2 protein chains.
Amino acid sequence: MKRTIAFDADDTLWHNESIFHKTTLTFKDLVSHYVSPKVLEGKLYEVERRNLALFGYGIKGFMLSMIETIIELSEGKVNAIEIQQIIDLGKYMLTHPIHVLAGVEETILALKDDYKLIVITKGDLLDQESKIARSGLADYFEQIEIVSEKDEKTYAEILKRSKIDINNFLMIGNSLKSDILPICNLGGKAVHIPYHLTWELDKVEKPHHFNEQHYVTLESVTLLPQFLQENTF
Amino acid sequence: MKRTIAFDADDTLWHNESIFHKTTLTFKDLVSHYVSPKVLEGKLYEVERRNLALFGYGIKGFMLSMIETIIELSEGKVNAIEIQQIIDLGKYMLTHPIHVLAGVEETILALKDDYKLIVITKGDLLDQESKIARSGLADYFEQIEIVSEKDEKTYAEILKRSKIDINNFLMIGNSLKSDILPICNLGGKAVHIPYHLTWELDKVEKPHHFNEQHYVTLESVTLLPQFLQENTF
């Protein structure tokens, strides 16, 4: 029985937060005659946080939150043309080219014969499917799980349904909150590979009950094959 | 090995299109000073169709399409307060109570010991999960599949992954296009239970290659247990 390595997708396999970051800059610019960039940014996070339980993760919810944010901050003065421009920003995000992170494909090629490789990602169903297809990486993965939330319950359910023993499972991802913590709390092991940007709502304080022995941080995904030769999980 | 019965969810297990219908009426009313209800309806379908490949199915895409429709039809005159009202209509849809269709729960209770019951539904991931949870029906189903499109490829993939022989599989749903046709084209059997409303983009001409022997139409889900006693699949 092969051991399983699960990869997060956004900001682990390909650039993603950088697209949100770039769009937020354009958004700030677009409405700078109503509000300062700093106030806009704070309010946008607040609105996204407020809408998260209803909208879930993903670009469509982000578009709606941008619109709500500027309606509120402009006190209803933002006009329809500007709102269409915000929608167009989101549409552009949905078709944005997928830039696979440096070293990802070589690493996958080095691992694919020895491990069962899967993807576990959260977000909008169609958008995540489309990104996986456009990344050119889909064929390397035996299983692709798109979920609405990456918490202990979700991971436990995937492992159970897929008949994967957590002792033969390793999670790889950039988000301590979504990729690392829940797996460690389930007694599993994880490799944290930070991305240079972290979405505000994905930031997490390292909690006291977090057992550091269960995860390591690597600077780059290219270090993974050697790490796995020197350490078994 | 139990045979598998798969239920579509929206308009098969619970009312859904009626909520879109009601929202569309309110939307027409809200913007009637810009455009006639008839013109609005035609344009809304056109915008939804145009956006479908980008947004996929679901309420968030519907919200964005409503906004785009009225920006276009009002020639940019629709104001921010009205756009917020449109967003609020969509938010209300996302929290709308789930009304399980008459006879559904009794039918499921009558079938659950003899068949493996699953759900196959398309739409926004979080919204579909939330509706299944709120319906109170989740525990009756051994498997819940939320997909971005219900076509032959998707069904074939689910059957393969779940190790379900199509000869031991029956699909139940209200949509000829999404629930019945693809299964019949794969050589499987289906039961069509029409809902009193069909979404414009889910309407389909019955194609010439469609083999009628592979599906039957029942007026109500309550007729299913007796039908299954008289007919095996």
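This text goes with the structure placed above it.
Residues numbered from 1 in each chain as written. Chains lettered and ligands numbered in written order. Predicted model: local features only at pLDDT ≥ 70, side-chain atom pairs only at ≥ 80, totals over all residues. Heavy atoms only, no water.

A. Looking closely at the nonpolar core. Counting residues in each nonpolar core, the largest one holds 48 residues, and the members touching the most others are A:F27, A:I67, A:I83, B:F27, B:I67 and B:I83. Those residues in contact with A:I83, other than ones at most four positions away along the chain, are A:I67, A:I71, A:V78, B:I67, B:I71 and B:I83. (Core = buried A, V, L, I, M, F, W, Y, C linked by side-chain atoms within 4.5 Å. Buried < 20%, exposed > 50% of the residue type's maximum accessible area, 1.4 Å probe, protein only. Contact = heavy atoms within 4.5 Å.)

B. Broad picture of unusual backbone geometry. All names here are of chain A. Notably, E75 is not glycine yet its phi reads approximately 50 degrees, a positive angle. Tracing the sequence through the fold places E75 in the loop between α3 (59-73) and α4 (80-95). Positive phi, close to 55 degrees, is recorded for K163, a residue that is not glycine. Within the secondary structure, K163 is located in the loop between α7 (152-161) and β4 (169-173). Among the residues examined, K163 registers a relative accessible area of 69% and is labelled exposed. (Helix = DSSP H or I, 4+ residues; strand = E, 2+ residues; numbered from the N terminus.)

C. Local environment of the relation of the copies chain B and chain A. Aligned on chain A, chain B shows an RMSD of 0.0 Å; the corresponding rotation is 180 degrees and the shift along the axis is 0.0 Å. Seen this way, the second copy is the image of the first under a two-fold rotation axis. Of all interface residues in chain B, 100% are interface residues in chain A too; the two copies therefore contact each other through one and the same surface. (Least-squares fit on C-alpha atoms with pLDDT ≥ 70 in both.)

D. Spotlight on the pairing of strand β5 (residues 189-192) of chain A. All names here are of chain A. Two strands pair when backbone bridges link them, and β4 and β5 are joined in this way by four bridges, in the parallel orientation. Within β5, the residue paired with L170 across the bridge is K189. Crossover handedness for the path β4 to helix α8 (residues 176-185) to β5: right-handed. (Pairing = 2+ DSSP bridges. Right-handed = clockwise from strand over helix to strand, strands pointing away.)

E. Broad picture of the pattern of salt bridges. For the structure on display, the rule yields 30 salt bridges over all chains. A:E46 is the partner of A:K43 in a salt bridge, and the nearest nitrogen-oxygen pair spans 3.2 Å. With a gap of three residues between them, A:K43 and A:E46 both fall in helix α2 (residues 37-55), about one helical turn apart. Residue class for A:K43 comes out buried when judged on its relative accessible area of 13%. Residue A:E46 is classed as partly exposed on the basis of its relative accessible area of 43%. With its nearest N and O atoms 3.8 Å apart, the salt bridge here joins B:E75 to B:K77. A single network of salt bridges, built from pairs that share partners, joins A:K43, A:E46, A:R50, A:E68, A:E72 and B:K91. (Salt bridge = Lys/Arg side-chain N within 4 Å of Asp/Glu carboxyl O.)

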